[in-house]
Amino acid sequence: MATPIIEFKHVEKYYGTYHALRDINLTIDSGQVVSIIGPSGSGKSTLIRTINGLEPINSGKLIVNGFDLADKKTDLNKIRKDVGMVFQHFNLYDNHTVLENITLAPKIVLKRPDKENKERAMDLLKRVGLENRANMYPAQLSGGQKQRVAIARSLAMDPKVILFDEPTSALDPEMIQDVLDVMRYVADQGITMVVVTHEMGFAREVGDRLIFFDQGQVLEDEKPEEFFDHPQSERARQFLSKVITEKLGG
Amino acid sequence: MAKILVDNWPQFIHGFWNTVWCSLIALFFSLLLGVIFALMEVAPSKLASAIAHIYIEIFRNIPLLVITMIFYLVVPRSGIKMSGFAAGTIGLALYSSAFIAETVRAGINSVGKGQMEGARSNGMTYNQAMRYVILPQALKIVIPPLGNQFVNLIKNSSVLAFVAGFDLMYEADTIAFSSLETINTYIIVGVFYLILTLPLSYYMRYLEKRLA
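Rules behind the numbers
- Residues numbered from 1 in each chain as written.
- Chains lettered and ligands numbered in written order.
- Predicted model: local features only at pLDDT ≥ 70, side-chain atom pairs only at ≥ 80, totals over all residues.
- Heavy atoms only, no water.
- UniProt positions renumbered as here; feature names shortened; annotations may be inferred.
- Helix = DSSP H or I, 4+ residues; strand = E, 2+ residues; numbered from the N terminus.
- Contact = heavy atoms within 4.5 Å.
- Buried area = accessible area lost by both parts, 1.4 Å probe.
- Salt bridge = Lys/Arg side-chain N within 4 Å of Asp/Glu carboxyl O.
- Nonpolar A, V, L, I, M, F, W, Y, C, P; charged D, E, K, R; others polar.
- Pairing = 2+ DSSP bridges.
- Axes fitted to C-alpha atoms, helices over the stretch in contact; angles between N-to-C directions.
- 1 Å grid on protein atoms, 1.4 Å probe; cavity = no way out; pocket = protein on both sides within 12 Å on 5 of 7 lines; lining within 4 Å.
- Points joined across faces, edges and corners; volume = space filled by probe spheres on them.
- Buried < 20%, exposed > 50% of the residue type's maximum accessible area, 1.4 Å probe, protein only.

As annotated in an unreviewed UniProt entry, chain B carries the name Glutamine ABC transporter permease protein and is attributed to Lactobacillus rodentium. As recorded by UniProt, the Subcellular location (unreviewed entry) comment attached to chain B reads in full: "Cell membrane".

Going by the annotation in an unreviewed UniProt entry, the name recorded for chain A is Glutamine ABC transporter ATP-binding protein, with Lactobacillus rodentium given as the source organism.

As structure tokens, then:
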């Protein structure tokens, strides 16, 4: 049975006078893979950054894993233990090796014993195909490798949800597939995924659900096939035709 | 010049070691205070940030000699007894800590925002992120400018001469006054300061190259 893990109810968000999120109502079930697409500047990133409290909301209700993010008394660290995040620019810890990047938070946040922690990290590195990079520093890796380490770092916390904020947008084209493969693996683990992406292939093949976002609003929310084959809104049709032309042109 | 050096060797050495001691003690406390106030200044708490800001602006913008005189002449009136050495060292530590705080703060700010976001999203508290991710990177960045602060600190320790701190400069004044060999005495003292500061300068330049 589907249990909701993320619930937005009438969520509003402003940057000064700029209205970034307008009356967001969304329920994401545990284990769902949700892709969020839309033009840049539409508020997609803001939307997922509210889920782990990187961006506070101004009004409405946002329940994540049983915690209310609108409540100032909520301990954000408790939410973040179960909600990982993967960034466009990786944000690996530059002063730590690949292995330490993965073991640091489990060690100091979860107090996981060293031996178990290291074994788990090496296991994850094997999963993402980087076990021979364990002792390197992030600066020595390619973008695609960094992003796979970042995903492994998130997985090491055994999260229920991982948020992906344009995980492949900063990568060279030939690096993207490796990262998408790792994301598919994450989806297979039953982890709830919210993915802001421009990868229409991923959205279509791996996603359970597709949200088209524009001007701070959810314009469409349906099965990916339906969206790609029969977009409802004019904005979505325009967006899709642009994206597809770009792909063909590029 | 050699005669001056030989005749007054015990005083020179006494002054030299007092300068070394004063510098080491002031270095330790100014670094400690500097890092603490830098952390307070960048802290999310507006109150902590304001306190640090006031502290830094006060000690950065009052001449070292004035701060030292306050500890030597004003503070003892409230019943706290203090030698010239202590007053000078405290003044030097507070004065230098304000500059070190500004340097460290700049270092912390130069670490990308993504590092903090990555760590917080990974479940770490603000303090954990600071301790394990941000501060180690910031300190590495500020090693060269900190080195310059340390060289300044050693040179500024000559302020002890004004409050009878028996440092190198104080001894030099005494020797120059009694022997009337003013020029030679101060040249010798300059060389003593160079013995302390030059190796530090070169070591910092080496570190700067290695870290770059």
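S.K.: Report on the UniProt feature "domain: ABC transmembrane type-1" (unreviewed entry) in chain B, specifying residues and quantitative values.
M.R.: UniProt marks residues 16–204 of chain B with the feature "domain: ABC transmembrane type-1" (unreviewed entry), using the numbering shown here. Overall, residues 16–204 of chain B shows 83% helix and 0% strand. The separation of its end C-alpha atoms is 22 Å.

S.K.: Would you mind going over the interface of chain A and chain B in detail, with residue names and values included?
M.R.: Across the boundary between the two partners, chain A contributes 23 residues, which contact 16 residues of chain B. Of the roughly 1600 Å² buried between chain A and chain B, counting both surfaces, carbon and sulfur atoms make up 49%. Between the two partners, chain A and chain B, sit 1 salt bridge. Between Glu117 of chain B and Arg49 of chain A there is a salt bridge whose closest N-O contact spans 2.6 Å. Mapped onto the side of chain A that touches chain B, the elements with two or more residues apiece are helix 2 (76–82), strand 6 (83–86) and helix 3 (98–108) of chain A. Per element, the largest residue contribution to the side of chain A that touches chain B is 4 residues, and it comes from helix 3 of chain A. Tallied by class, residues from the side of chain A that touches chain B come to 11 nonpolar, 7 polar and 5 charged.

S.K.: For the environment of Ile51 of chain B, give the residues involved together with the corresponding values.
M.R.: Among the secondary structure elements, Ile51 of chain B is positioned in helix 3 (residues 46–61). Taking the C-alpha atoms as reference, Ile51 of chain B lies 16 Å from Tyr95 of chain B; in sequence the two are 44 residues apart.

S.K.: Any chance you could break down the sheet that holds strand 2 (residues 18–29) of chain A for me, citing the residues and the numbers?
M.R.: Residue and element names in this part refer to chain A. Here 4 strands make up an open sheet; going across it, the order is 2-1-4-5 and the pairing antiparallel. Two strands close off the open sheet at either side, each with one partner strand: strand 2 and strand 5 (67–68). The pairing of strand 4 (residues 59–64) with strand 5 spans 2 bridges and is classified as antiparallel. Along strand 5, the bridge assignment pairs Val64 with Phe67.

S.K.: Describe the sheet that holds strand 7 (residues 161–165) of chain A, with residues and values.
M.R.: Residue and element names in this part refer to chain A. Ordered in space as 6-7-8-3-9-10, the 6 strands form an open sheet in which the pairing is mixed. Each edge of the open sheet is held by one strand with a lone partner, namely strand 6 and strand 10 (217–222). Ignoring strand direction, the axes of neighbouring strands in this sheet form an average angle of 20 degrees. Here 5 bridges tie strand 7 to strand 8 (residues 192–196), and the two strands are oriented parallel to one another. From the neighbouring strand, Asp165 faces strand 8, where its bridge partner is Val196. In this fold helix 5 (residues 143–155) packs onto strand 6 and strand 7, with an angle of close to 175 degrees to the strand it touches most, strand 6.

S.K.: For empty space enclosed by the protein, give the residues involved together with the corresponding values.
M.R.: Using the criterion set out here, one finds 1 cavity of 30 Å³ or more in the structure. By volume, the largest cavity amounts to about 40 Å³. Taken together, Gly84, Met85, Phe87, Arg153 and Ser154 of chain A together with Gly118, Ser121 and Asn122 of chain B make up the full set of residues lining the largest cavity. Those elements that place two or more of their residues in the lining of the largest cavity are strand 6 and helix 5 of chain A together with helix 6 (113–121) of chain B. Residues that form the lining of the largest cavity fall into these classes: 2 nonpolar, 5 polar and 1 charged.

S.K.: Would you mind going over the pattern of salt bridges in detail, with residue names and values included?
M.R.: Counted by the stated rule, this structure contains 19 salt bridges over all chains. We note a salt bridge from Glu205 of chain A to Arg184 of chain A, for which the minimum N-O separation is 3.4 Å. With Glu205 of chain A in helix 7 (residues 200–205) and Arg184 of chain A in helix 6 (residues 173–188), the pair connects residues that are 21 residues apart, well separated along the chain. Note on Glu205 of chain A: relative accessible area 57%, which makes it exposed. In this structure, Arg204 of chain A engages Asp229 of chain A in a salt bridge whose closest nitrogen and oxygen atoms are separated by 3.1 Å. Highlighted residues: Arg204 of chain A in helix 7 and Asp229 of chain A in helix 8 (residues 224–229), separated in sequence by 25 residues. Judged by relative accessible area, Arg204 of chain A falls into the partly exposed class, the value being 37%. When salt bridges with common partners are traced through the structure, they connect Glu41, Glu57, Arg60, Glu102 and Arg105 of chain B into a single cluster.

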